[in-house]
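Per-entry structural report
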Amino acid sequence: QTCQTGRFLLHDPRVGLFHNQRISYETALDMASALGRILVLPGFFKFPHPEAYDGLQWVPFRDLFDVSSVRSCYGRVVDLEELLEVC
């Protein structure tokens, strides 16, 4: 779907460390499916460790998971960076 006709659900996963963010994504996937929306996958928020901070705040979703596999299971998802390139 295009940016003009697509109905999107934006997700903000900053709810805790990795496991809590993963659970938040699972909930968002179910919610997007129930609402008939395309879930935008922004990535995972990287909480800085005080001794090993490299300045990166986000890890793109596609760096951790295969978006095509997620899409084959849930259907309507789009990586945020992919959406920004198209729109």
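Everything quoted here is computed from the prediction, not taken from an experiment. (Residues numbered from 1 in each chain as written. Predicted model: local features only at pLDDT ≥ 70, side-chain atom pairs only at ≥ 80, totals over all residues. Heavy atoms only, no water.)

Some details on the overall build of the chain
Formally: Strands here are runs of E lasting at least two residues and helices are runs of H or I lasting at least four, both read from the DSSP assignment and numbered beginning at the N terminus. Only heavy atoms enter the contact rule, under which two residues are in contact if any of them lie within 4.5 Å. In short, Shrake-Rupley with a 1.4 Å probe defines the accessible areas, and a residue's cover is counted only from the protein chains shown.
When helices and strands are counted, the chain shows 4 helices and 5 strands. N-terminal to C-terminal, the α/β element order of the chain is β-α-β-β-β-α-α-β-α. A fraction of 51% describes how many contacts in the chain between residues 6 or more apart in sequence connect residues 24 or more apart. For the chain, the exposed area adds up to about 5,800 Å²; of that, 57% sits on carbon and sulfur atoms.

Points about the pairing of strand β2 (residues 38-41)
As a reminder of what qualifies: Any residue under 20% of the maximum accessible area for its type is buried, any over 50% is exposed, and the rest in between are partly exposed; the area is computed with a 1.4 Å probe on protein chains only. A pair of strands is labelled paired if DSSP reports no fewer than 2 bridges between them. By the criterion used throughout, a crossover qualifies as right-handed when its path from the first strand across the helix to the second strand runs clockwise, the strands pointing away from the viewer.
Side chains I38 and V40 project from β2 onto one buried face, and the interleaved L39 and L41 project onto a second face that is buried too. Inspection of the sheet shows strand β1 (residues 8-10) paired to β2 by 3 bridges, in the parallel sense. Within the sheet, the bridge partner assigned to L9 lies in β2 and is L39. As a crossover connection, the stretch from β1 through helix α1 (residues 18-35) into β2 is right-handed. Of the strand pairs in this sheet, β2 and strand β5 (residues 77-79) are connected by 3 bridges, and their pairing is parallel. The partner of L41 across the bridge, within β5, is D79.

A closer look at α1
Operational definition: A helix is expected to reach a length of 1.5 Å times the quantity of its residues less one.
Its 18 residues place the ends of α1 25 Å apart at the C-alpha level, agreeing with the 26 Å of an ideal helix rising 1.5 Å per residue. In this structure, the buried side of α1 is in contact with β1, β2, β3 (44-45), α2 (61-64), α3 (67-74) and β5. Positive phi appears at G36, one or two residues downstream of α1, with a value of about 70°.

Focus: the packing of aromatic side chains
As a reminder, the rule being used: Between 30 and 60 degrees the pair is tilted, below 30 it is stacked and above 60 it is edge-to-face, where a pair is any two Phe, Tyr or Trp rings, Trp via its six-membered ring, whose centres lie within 6.5 Å.
Scanning all chains against the criterion turns up 7 aromatic pairs. Judged by centre distance (4.9 Å) and plane angle (40°), the ring pair of Y25 and F44 falls under tilted. Here Y25 is found in helix α1, whereas its partner F44 is found in strand β3, with 19 residues between them in sequence. With relative accessibility at 4%, the residue Y25 sits in the buried group. Note on F61 and F65: the rings are 5.1 Å apart at their centroids and 35° apart in plane angle, and the pair reads as tilted. When its relative accessible area of 6% is taken as the criterion, F61 is described as buried. For F65, a relative accessible area of 30% translates into the label partly exposed.

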